[in-house]
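Topology and contacts: notes
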There are 2 protein chains.
Amino acid sequence: MGKTTKRERLLVIGGDAAGMSAASQARRRRGADELEILVVERGHHASYSACGIPYYVGGVVDDLGKLVARTPAEFRDRDIDLRLRNEAVEIDPAGGRVRVRDVDGGGERWEHYDHLMIATGAEPVRPRLPGADAEGVHGVQILDDGVAIRRAVGEAGARRAVVVGGGYIGLEMAEAMVMRGLEVSLVDLAEQPMRTLDPDMGALVADALRGVGVKLYLGEPVEGFDTSPDGRVAAVRTGSRTLPADLVVLGLGVRPATALAEAAGIEVGSAGGIVTDRRMRTRTERVWAAGDCVQTRHLVSGLPVAIPLGTHANKQGRVAGINLGGGYATFPGVVGTAVSKICDVEVARTGLNEREAAAAGFETLSVTVRSTTRAGYHPGATEMRTKLVVERRSGRLLGGQIVGEANAAKRVDGLAIALWNGMTAEEMTGLDLGYAPPFSPVWDPVLIAARKAADAVEADMRAHPG
Amino acid sequence: MGKTTKRERLLVIGGDAAGMSAASQARRRRGADELEILVVERGHHASYSACGIPYYVGGVVDDLGKLVARTPAEFRDRDIDLRLRNEAVEIDPAGGRVRVRDVDGGGERWEHYDHLMIATGAEPVRPRLPGADAEGVHGVQILDDGVAIRRAVGEAGARRAVVVGGGYIGLEMAEAMVMRGLEVSLVDLAEQPMRTLDPDMGALVADALRGVGVKLYLGEPVEGFDTSPDGRVAAVRTGSRTLPADLVVLGLGVRPATALAEAAGIEVGSAGGIVTDRRMRTRTERVWAAGDCVQTRHLVSGLPVAIPLGTHANKQGRVAGINLGGGYATFPGVVGTAVSKICDVEVARTGLNEREAAAAGFETLSVTVRSTTRAGYHPGATEMRTKLVVERRSGRLLGGQIVGEANAAKRVDGLAIALWNGMTAEEMTGLDLGYAPPFSPVWDPVLIAARKAADAVEADMRAHPG
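Quick summary incoming for the structure in this document. (Residues numbered from 1 in each chain as written. Chains lettered and ligands numbered in written order. Predicted model: local features only at pLDDT ≥ 70, side-chain atom pairs only at ≥ 80, totals over all residues. Heavy atoms only, no water.)

**Re a positive patch on the surface**
Put simply, the test is: What makes a patch is a set of residues exposed beyond 30% relative accessible area and free of salt bridges, joined within 9 Å when like-charged and within 5 Å when nonpolar (Val, Leu, Ile, Met, Phe, Trp, Tyr). Only the protein chains shown count as cover for residues, and all accessible areas are computed by the Shrake-Rupley method using a 1.4 Å probe. Salt bridges are counted wherever a side-chain nitrogen of Lys or Arg sits within 4 Å of a carboxyl oxygen of Asp or Glu. Positive charges come from Lys and Arg, negative ones from Asp and Glu, while His and the chain ends are left out of the count. In this description, the location of a charge corresponds to atom NZ of lysine, CZ of arginine, CG of aspartate or CD of glutamate. Helix and strand definitions here come from DSSP, where helices need a minimum of 4 consecutive H or I residues and strands a minimum of 2 consecutive E residues; each element is numbered from the N-terminal end.
A cluster of basic residues, A:Arg28, A:Arg29, A:Arg70, A:Arg78 and B:Lys452, forms a positive patch on the protein surface. By secondary structure assignment, the location of A:Arg29 is in helix α1 (residues 17-29).

Structure follows, in structure tokens:
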């Protein structure tokens, strides 16, 4: 009766989206009699939504527990042994084992594996500047960061916050702290916030930030952090000024956390992430990886990219887990879709912006259209801008950007699916999108933009024949 | 100097979406020295949004003028001669002329054409029942209908309304009249409203209607209309009851208005619409057609369909106009996308439902998922249901249906674009859709549904191999 296979052990490093998705999928396909699953996570929480941190800090969500999708007890009920405050400190691929430190107790031990899943996530980029490690300078990566920042803006009574870096998280945190009544400044080396947008679209986001009272210092390098005698951050120094700060939030982005993998000789690629195949296998035997610590393929540029996003981490973890469970699944890559909401402004982008397209060797044409989210006569219609970047001659869609108000941003999904399928602007003009006055003008903004882009391709051919 | 071409004349029958789009596009490409454009429209308005009528009746939009995109004067400024209250009553293709009646003045005249554009739209289906033409029984097709119904529910003081037929317009009108404080009943021969949805999804819409106080009488044929001595409608008789009515709104759908074309020998097809090629040329020389009066190809079933929607009419009109102007454009067909909002409930569908798929010869699998529109912890997250219909074995997406609240329905665009590109459920699981807590759970409902559908295809293969 029963199979005679030896019971194998899957060891997962990292208990957030990618790691727990992999564990859950592997468990669905292989029972506890066949596969033991151990997850080590160095933090206090597993299976949480890091993307929810700005909403917790801003008070939109008050219960930290709501950001946790599943507790360790829930995983235990599924025969997944999740150990919090256990940090993997060394991988020994030849020996098939991982050295694990008990973060609170301090002891270390070796845990063996038959299959290893690396899901170490990403770590905030910290500037190598004096004072960058001072107390009061926060990254935004794990739930513990959210707890610390919320405490700082709440009971600790911070009044002045400086956000360094104008990426999604930086902007969302700026908004959250404005909502809590702080004076918020944002410093960025670039001339615009949100560099994943083209400058013309980024300028709209900058206007929105100023509109809610965020002071923007753009094109200013941060040169250091002043600290008070007790070691707390007191100010941010830029090339042009000193900004007093009770609190600093780093929004310089994150990079794949690959130190552990690199030290074990597991291949890390040109985009800075662990290299995997489309089934999420690394180049090292019996070792898999998924989530923010890996790089993947950009389906438009064809280039490797590391894009830290919970949605990719979940998908990749699921794919790894299905394969680890004996099934077959693949993660084909990404098209670079992202959405964000800064106060009432919705922002979305997908594919390549002009700079990225040029870097990938494309010659492009761009169009931007102003239109409304609903029929102009319908209450609640708001303005939105839609920009498309298409390849010259072929007219192939390369990317799209949207800045608008309610109901604008999610239209990026349509652009992302069009990109995924290699559609041209001309083909897109025929798309059968949902129309009714509460949802769209009779020409959806996506269709208007596609028409303009198709016209631009035709005009370019006439102007530059041959 | 100048071209020596003879000045041609484009005659357009019908001044709404298709006709005016064609006229405008033709004018953009050919100046008034080359092409004269005459449009005859029998109604009081041109270039209006019939889809906006329920919002005008419900008081969401108070100014009728807002439903009119452009006035005759604006068209005159573009050298488009638009004549309201002028009705085409006969087409003479051999003679290249159309007989036009002055609706108010009563005279008739022949207008010649070099190119004829038929954009006669659709006409409400009227039951052939006693009293169906009584005063107080309204179709919902042109702006004048909206004016009449608004007057009836407003100053005329109607208290009890009966809507006959549970399609989009019927439901939107039911909601509009509830908003105006009327007692509203809805009668439908079918067992569910909105037959473009499967019964399980249609039941959710029925619940929403009951929730706002609409009385539903489903599965009941209308047998006639009682009239008062002055000839006004007084009640609707069904097989089971008599419903007193101060006002009846017909929501039985519309059919292509093809009488004029048919009488002239212009081909009408099996779906009841004028047959055109993809450039919108009819089978009769120099005669074009676009909008609700034509049939087109359903890109999933491959079958001819007549789907009356402003968005198709605009696209087809534009295509015809570009071709009439000497350019090249095509209308490839539709995938059957539609969205609607009934009170707080958003409804969307695209592709084929189970019944339609079976009729087209497909064997299908269906999945329905319940999920939220935003991250579960984000305020404003509401529940939505997403249903996918996929082909057995291939897993190809055939259709999708969504019922939910705010921010649910427009996700149908993603399904429509996936359909357009022939994607399978398995391919869709990898799609890079926009994720951030205010916009979506980390697994967008579309992705969850795609996963379930892919699982169902796999399970079906196991259960029914070979």
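That was the structure; now back to the text.
**Structural notes on the relation of the copies chain B and chain A**
So the rule is basically this: For the least-squares superposition of copies, only C-alpha atoms count, and only for residues with pLDDT at least 70 in both. Contacts: residue pairs with any heavy atoms within 4.5 Å of one another.
Screw-axis analysis of chain B against chain A gives a translation of 0.0 Å along the axis, an RMSD of 0.0 Å, and a rotation angle of 180 degrees. The superposition of one copy onto the other is thereby described by a two-fold rotation axis. Closest approach to the rotation axis within chain B is made by the C-alpha atom of B:Gly414, at a distance of 2.5 Å. Same-surface contact between copies: 100% of interface residues of chain B are shared with the interface of chain A.

**Examining the sheet that holds strand β13 (residues 222-227) of chain B**
All names here are of chain B. Counted only if it meets this: Here a strand pair is declared whenever DSSP counts at least two bridges between the two strands. What counts as an axis is a line fitted to C-alpha atoms, over the stretch in contact for a helix, and the angles between N-to-C directions run from 0 to 180 degrees.
Overall, antiparallel pairing links the three strands, which are arranged β13-β14-β15 in an open sheet. Only two strands of the sheet have a single neighbouring strand rather than two, namely β13 and β15 (242-244). Across the sheet, the axes of successive neighbouring strands diverge by a mean angle of 25 degrees, strand direction being ignored. Here three bridges tie strand β14 (residues 233-238) to β15, and the two strands are oriented antiparallel to one another. Bridge pairing in β15 links Val236 to Leu243.

**Some remarks on the sheet that holds strand β4 (residues 86-92) of chain B**
All names here are of chain B. Here three strands make up an open sheet; going across it, the order is β4-β5-β6 and the pairing antiparallel. Of all strands in the sheet, those bounded by a partner on one side alone are β4 and β6 (108-112). Neighbour-to-neighbour, the strand axes of this sheet turn through a mean angle of 30 degrees, independent of strand direction. Both β4 and strand β5 (residues 97-102) contribute to a ladder of six bridges, which runs antiparallel. Paired with Asp92 across the strands is Arg97, a residue of β5.

**Description of the pattern of salt bridges**
Residues and elements named next belong to chain B. What counts is decided by this rule: A 1.4 Å probe rolled over the protein chains alone gives each residue an accessible area, and that area as a share of the maximum for its type sets the label: buried under 20%, exposed over 50%, partly exposed in between.
Using the criterion set out here, one finds 70 salt bridges over all chains in the structure. One salt bridge connects Glu90 with Arg99, and the closest N-O pair in it is separated by 2.9 Å. For Glu90, a relative accessible area of 31% corresponds to the partly exposed category. Using a relative accessible area of 22% as the deciding quantity, one classes Arg99 as partly exposed.

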